[in-house]
Amino acid sequence: MINQEHYLDVARRGMSDLNVEALGTRAQNVMRVVTFRLADQLFAIDANSVREIIEPGPITRIPAAPVHCDCLINVRGAVIPMADLRVLFSMPRSACDEHSRILVVEVTLEGDLLVIGLWADAVLDVTNVDRAEISAPPKVGMRFSPSFVAGVGRLDGEVFFVPSIASILEMERARERDVSPT
Amino acid sequence: MSVDPVATFRQEAAELVESLEQTLLDLTEAPDDAELVDSAFRAMHTLKGSGSMFGFDDVATFLHDFETAFDRIRKGEAATSAQVLSVSLRAKDHVANLIEGSGDPDGLGAALIADLNAALGVGAAGTAGASADPMAEPEAQVPADGAVADPTHDGMEDEPTAEGEAAGDADEALLTTTGSARLGVMLRYRLPAKALGFGTDPLLLLEELAELGPIRVETSAAAVPRLEDLDPTTCYLSFIVEIAGDVADDMIDDVFLFIRDEMELEILPLELGEPDDGPTDGAAGVDELGHEERDAARREGEGAAAEPPSEAEVEAAGDGEDERKDKDKGGGGEQPAHEGGEPHDGGRVAQGGTAADAGRPSEDGMAPDAHATKREGEPASANKLPAAERTARRSEPATAQGAKHGAASMRVSADRLNQLMDQVGELVIANARLAEVAGASHDQTLLNVAEEVGRLSAGLRDTAMGIRMVSVGTLFSRFRRLVHDLSAELGKELRFVASGEETELDKTMLDQLADPLVHLIRNAVDHGLEDTPTRRERGKDAVGTVTLSAAYEGAEVVITVADDGAGLDAQRIRTKAIASGIIAHDADLDASAIHRLIFEPGFSTAKAVTSVSGRGVGMDVVRRSIEGLRGAIEIATEPSEGTAIKIRLPSTLAIIDGMLVRVGGARYAIPLAAVEECVELPDAARSTGARNSLITIRDELVPFLTLRAMFGSSEPAGEFQKIVVVSSGDVRAGLVVDQIIGSSQTVIKRLSPIHEDVKFFSGATILGDGEVALILNVMQLAAQGQQLAKASEAGALELAA
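Conventions used here
- Residues numbered from 1 in each chain as written.
- Chains lettered and ligands numbered in written order.
- Predicted model: local features only at pLDDT ≥ 70, side-chain atom pairs only at ≥ 80, totals over all residues.
- Heavy atoms only, no water.
- Helix = DSSP H or I, 4+ residues; strand = E, 2+ residues; numbered from the N terminus.
- Buried < 20%, exposed > 50% of the residue type's maximum accessible area, 1.4 Å probe, protein only.
- Contact = heavy atoms within 4.5 Å.
- Pairing = 2+ DSSP bridges.
- Axes fitted to C-alpha atoms, helices over the stretch in contact; angles between N-to-C directions.
- pLDDT = per-residue confidence, 0-100.
- Buried area = accessible area lost by both parts, 1.4 Å probe.
- Salt bridge = Lys/Arg side-chain N within 4 Å of Asp/Glu carboxyl O.
- Polar contact = N/O pair within 3.5 Å; in protein donor to acceptor, adjacent residues only side chain to side chain.
- Nonpolar A, V, L, I, M, F, W, Y, C, P; charged D, E, K, R; others polar.
- Disulfide = S-S within 2.5 Å.
- Parallel < 35°, antiparallel > 145°, perpendicular 65-115°, else oblique.
- Left-handed = near helix turned anticlockwise from the far one by under 90°.

Observations concerning the overall build of chain B
Now for step 1: From N to C terminus, chain B includes 31 helices and 21 strands.
Now for step 2: Counting every position in chain B, which comprises 801 residues, the buried fraction comes to 46%.
Now for step 3: Pairs at least 24 apart in sequence give 72% of the contacts found in chain B among residues at least 6 apart.

Put into structure tokens, the structure is as follows:
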């Protein structure tokens with residue numbers, strides 16, 4: 001495990017070195033993100049946490065599982081749970097079309113590295129965002145818990161959310177346990 | 001990744017400490033067994049040696065004293081009383097703590113040695129010395145142990161001062177280890193390929209060997225490759241060293257301490273010498289062997305002579321694969337020729353053999369096996385086989401030899417095993433896909449190949465799984481100490497019986513089982529067994545019995561902790577549960593429900609909190625850990641007969657044979673070993689459309705669950721629904737499915753932590769077409785079926801009334 005993590009780490013560092021060609025101050029101030037769309041909302045997540053982007057294949061539904069993560073997919077021999085941000089952000093779940101993609105991302109949940117799939121109605125771009133332009137989410141006036149979002153920013157005039165996958169999963173898990181104590 | 005030598009030492013030391021503990025416990029049962037005393041002594045000695053090399057001076061110092069005290073037993077100056085063993089066990093714990101690096105601020109070590117000496121009946125002077133200055137003690141106490149005089153760490157142990165006495169002791173002690181004095185030994189060794197890289201200096205090794213006695217060294221450069229193939233960091237030389245004098249294997253082992261596991265080393269005694277036999281000449285005349293042995297040796301000599309020597313040479317030096325595998329046997333065979341009068345011939349044969357081996361460094365796979373064989377197989381006894389038989393044995397496959405010495409093993413990191421399992425899993429999935437494609441193509445050649453690959457991958461799967469499986473005996477043996485200590489602490493006489501140790505479980509599962517079992521055994525001893533007077537009063541055997549057993553039951557492994565104590569007191573449990581607010585005072589519970597209350601958090605019936613149990617944190621933790629392993633826990637108890645707690649676990653976490661079924665639009669796998677039979681769903685049951693009901697199968701009522709309803713499937717039911725009857729222990733349940741698709745090899749992938757609360761499924765697998773299918777958790781479903789059956793029974797009774 002240590003080994004694998006080590007390689008991942010090296011790979012990640014390698015990736016960011018390649019992507020952020022200018023070193024020094026600029027690298028620290030700029031975040032490389034993958035932008036994607038769910039319903040009419042733009043999202044951005046750290047490109048370093050994205051392992052790959054795949055087209056949807058066969059999906060297996062898990063009966064009696066929480067709605068926001070009730071599916072499994074096979075990513076080259078690994079069984080990976082899917083998380084549907086649309087459920088959590090109270091958005092309509094539209095059927096898959098030719099733009100639908102799955103972002104395979106790494107999340108650290110309670111100290112363990114977890115690989116999960118995220119639905120995207122469309123993946124748009126890999127781009128640089130100035131960290132200074134990402135601010136904390138407003139405390140009120142949102143359709144969902146503010147802790148679901150790590151930050152809010154603007155890209156070409158459009159507002160985007162940086163979802164906080166780990167805290168979403170942790171909160172949902174805690175909530176599930178409260179609802180149905182074992 | 002660099003290897004931390006200290007970590008390696010700790011790991012190996014832990015094994016030695018454990019084996020020391022087992023030996024001490026064995027001694028409690030057979031106090032007069034000299035072999036056990038020797039084995040304990042050896043464990044201490046090896047620990048001491050490696051401890052001091054890695055800078056664990058406190059360990060070495062303490063062990064030296066421990067060893068010195070134990071040496072008295074070895075020499076028959078003191079007896080292994082229960083008290084000695086009990087102090088020794090504590091001393092062993094102290095060693096384990098020292099190795100962990102906890103130090104000894106309280107001077108516990110000195111106190112333990114004092115206790116040990118007191119138990120052994122050593123004079124007060126020695127004891128005083130022990131507490132005053134542990135470093136000075138070796139001289140103060142007992143003549144230094146010559147047998148273990150260790151050329152590599154003489155200096156630090158201040159032994160030379162006691163040399164005069166040591167020499168005398170050495171002879172005596174050696175007689176006990178080897179049985180007979182040797183006139184010399186011949187070593188054949190080749191250093192591990194990486195030895196030079198790790199800083200091993202071959203010359204220093206030779207110097208150390210020279211300290212053991214006059215030596216004669218022969219080197220063979222036969223394995224040195226051509227210049228372009230030469231790796232300057234590899235040592236290609238092999239050595240033949242003859243040491244004159246009485247040298248114990250231990251001493252040689254000490255010289256090679258750090259490279260011993262990787263290197264090829266053969267130690268052959270020189271028992272008979274011929275005039276042209278080099279430095280052993282002088283000693284050759286003195287024959288201290290018994291008549292029998294000498295005769296045997298002579299017979300061998302004749303046998304070897306009768307056998308054309310050229311054949312032996314050709315075989316040993318030959319290039320055939322078999323010969324390589326059998327090289328250790330070849331070595332055994334040569335020896336008589338050497339003794340019997342053709343020493344040079346024999347020597348050359350030996351070189352030839354080594355050279356042949358060295359020529360294929362990359363095929364070292366056999367080395368650990370061969371090495372283990374050599375190490376434990378006493379060369380002397382191998383030599384006594386008649387020559388004809390020896391020749392026959394050469395042609396035996398190496399596996400036979402391996403089986404004979406079943407202990408041969410090697411350490412592999414868990415990471416690599418996991419990787420292997422992952423890859424085998426992928427192979428199985430790919431193979432399922434291949435079978436599907438081949439089946440669709442109707443191409444006979446392709447079908448044949450697919451079948452062949454299928455067979456191979458199934459074999460590989462079983463082998464790979466077998467590697468991960470560990471017999472529960474390794475875990476059970478740990479509890480002997482626990483029971484021994486509990487018995488002393490609680491003053492209850494008891495007997496510990498373990499059975500089914502050969503039952504195998506996945507290693508990861510076994511590791512997580514240790515703590516729950518400790519709790520259960522503690523409970524059995526502390527709460528389960530009555531104290532000795534009470535037992536006598538009740539007319540029971542005064543010695544209580546705690547049984548730990550393991551057995552296969554279908555796809556499951558059942559581990560039982562049983563005692564023959566008082567049994568659970570339902571009334572007391574009830575009172576207690578009411579008092580601690582777990583149940584309402586008017587709750588209506590049957591006996592088994594009351595018994596299960598002991599698994600509730602915060603429950604404890606012990607009248608007093610002892611250091612052993614009674615804090616009420618045990619049983620609920622046990623239940624949770626077992627459920628975490630997807631297992632179940634059951635209680636069976638009879639008043640005054642005892643209590644048995646059964647833990648039911650799936651036997652593997654990796655790959656199983658599964659039955660593939662369809663429910664609605666989705667496919668699911670059921671572990672095939674849990675499937676008892678499949679029957680048609682009767683029309684009557686179908687029409688009701690109920691979620692669950694009962695069906696009579698061969699005069700037995702079996703509850704069944706309609707999976708479609710449970711999984712919320714919206715698709716219309718299949719026309720030919722089936723009931724798959726599954727069992728978990730003695731609980732049976734039927735699962736209604738839309739279709740039975742067939743069987744498939746199922747690689748179990750654990751569900752991610754996000755889904756750990758999903759109880760219907762024990763994992764997921766990938767089907768031949770790449771789709772993911774969920775694996776039904778039979779244990780959970782069967783239990784659920786049983787609950788529903790009970791509920792409907794109760795309902796029916798109410799209706800009838």
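Now that the structure is up, let's keep going.
Brief notes about the sheet that holds strand β6 (residues 494-499) of chain B
Residue and element names in this part refer to chain B.
Now for step 1: Read from one edge of the open sheet, five strands run β6-β8-β9-β11-β10, paired in mixed fashion. A strand with exactly one partner marks an edge of an open sheet, and here the two such strands are β6 and β10 (632-638). Strand-to-strand, the axes of this sheet are offset by a mean angle of 15°, without reference to chain direction.
Now for step 2: Pairing analysis gives eight bridges linking strand β9 (residues 556-563) to strand β11 (residues 642-650), with the strands arranged antiparallel.

Some points on the confidence of the model for chain A
All names here are of chain A.
Now for step 1: Of all residues in chain A, 79% have pLDDT values of 70 or greater, and the mean over the chain is 79.
Now for step 2: Within chain A, no element has a lower average pLDDT than helix α1 (residues 2-19), which sits at 52, and none a higher one than strand β3 (residues 50-54), at 92.
Now for step 3: Residue range residues 14-25 is modelled with pLDDT below 50. Its contacts to residues more than four positions away, or to other chains, number seven contacts.

Observations regarding the interface of chain B and chain A
Now for step 1: At the interface, 23 residues of chain B touch 25 residues of chain A.
Now for step 2: Note on chain B versus chain A: buried area summed over both sides is about 2,100 Å², and carbon and sulfur give 65% of it.
Now for step 3: Summed over the three residues of chain B that lose the most area to chain A, namely Ile754(B), His755(B) and Val772(B), the buried surface amounts to 29% of that side.
Now for step 4: Put simply, chain B and chain A have zero salt bridges between them.
Now for step 5: Applying the counting rule to chain B against chain A returns three residue pairs in polar contact (both at pLDDT 80 or more).
Now for step 6: Taken together, the elements giving at least two residues each to the side of chain B that touches chain A come down to α21 (414-441), β20 (761-766) and β21 (772-776) of chain B.
Now for step 7: The leading source of residues in the side of chain B that touches chain A is β20(B), at three residues.
Now for step 8: In the side of chain B that touches chain A, the residues fall into 13 nonpolar, four polar and six charged.

With respect to the side chain of Glu106(A)
Residues and elements named next belong to chain A.
Now for step 1: Here Glu106 lies in strand β7 (residues 101-109).
Now for step 2: Judged by its relative accessible area of 12%, Glu106 is buried.
Now for step 3: For Glu106, the side chain forms a polar contact with the side chain of Arg51, separated by 2.8 Å.

Details of unusual backbone geometry
Now for step 1: Unlike most non-glycine residues, Asp156(A) shows phi in positive territory, near 50°.
Now for step 2: Position of Asp156(A) among the secondary structure elements: in the loop between β10 (149-155) and β11 (158-163).
Now for step 3: Of note, the phi angle at His442(B) is positive, near 60°, even though the residue is not glycine.
Now for step 4: Structurally, His442(B) is set in the loop between α21 and α22 (444-468).
Now for step 5: By relative accessible area, His442(B) is classed as exposed at 66%.

A short note on the state of the cysteines
Now for step 1: If you walk through the whole model with that rule in mind, you get zero disulfides over all chains.
Now for step 2: Here Cys69(A) stays free of any disulfide, with the sulfur of Cys71(A) as its closest cysteine sulfur at 9.2 Å.

Observations regarding the packing of helix α1 (residues 5-29) of chain B against helix α2 (residues 34-53) of chain B
Residues and elements named next belong to chain B.
Now for step 1: Close contact between α1 and α2 brings their axes to 9 Å; oriented N to C, the two are set at 160°. With respect to their mutual orientation, α1 and α2 come out roughly antiparallel. Our pair here, α1 against α2, has a crossing hand that is left-handed. On the side of α1, the interface is formed by Phe9, Ala13, Leu16, Val17, Ser19, Leu20, Thr23, Asp26 and Leu27, while α2 contributes Leu36, Val37, Ser39, Ala40, Ala43, Met44, Thr46, Leu47, Ser50 and Gly51.
Now for step 2: Partitioning the contact of α1 with α2 into residue classes produces twelve nonpolar, six polar and one charged.

Description of the pattern of salt bridges
Residue and element names in this part refer to chain B.
Now for step 1: Here the structure, examined in full by the defined rule, presents 30 salt bridges over all chains.
Now for step 2: The salt bridge partner of Asp541 is Arg495, with a shortest N-O separation of 3.0 Å. Linking Asp541 in the loop between α25 (532-537) and β8 (544-553) with Arg495 in strand β6, this pair joins segments that are 46 residues apart in sequence.
Now for step 3: The exposure class of Asp541 is partly exposed, given its relative accessible area of 42%.
Now for step 4: Judged by relative accessible area, Arg495 falls into the partly exposed class, the value being 37%.

Concerning the sheet that holds β10(A)
All names here are of chain A.
Now for step 1: Pairing is mixed in the open sheet, where five strands are placed in the order β9-β1-β2-β11-β10. Of all the strands in the sheet, just β9 (122-130) and β10 have a single pairing partner and so form its edges. Strand after strand, the sheet turns through a mean of 35° between neighbouring axes, direction not considered.
Now for step 2: Bridge count for β10 against β11 is six bridges, and the pairing is antiparallel. Across the sheet, the residue bridging to Gly153 is Phe160, located in β11.

As for the pairing of strand β1 (residues 184-190) of chain B
Residues and elements named next belong to chain B.
Now for step 1: The buried fraction of β1 is high, at seven of seven residues.
Now for step 2: Side chains Gly184, Met186, Arg188 and Arg190 project from β1 onto one buried face, and the interleaved Val185, Leu187 and Tyr189 project onto a second face that is buried too.
Now for step 3: As defined by bridge partners, β1 adjoins strand β3 (residues 238-244) across seven bridges and the pair is classed as antiparallel. Within β3, the residue paired with Gly184 across the bridge is Ala244.
Now for step 4: Two strands pair when backbone bridges link them, and β1 and strand β4 (residues 264-269) are joined in this way by six bridges, in the antiparallel orientation. Within the sheet, the bridge partner assigned to Met186 lies in β4 and is Leu268.

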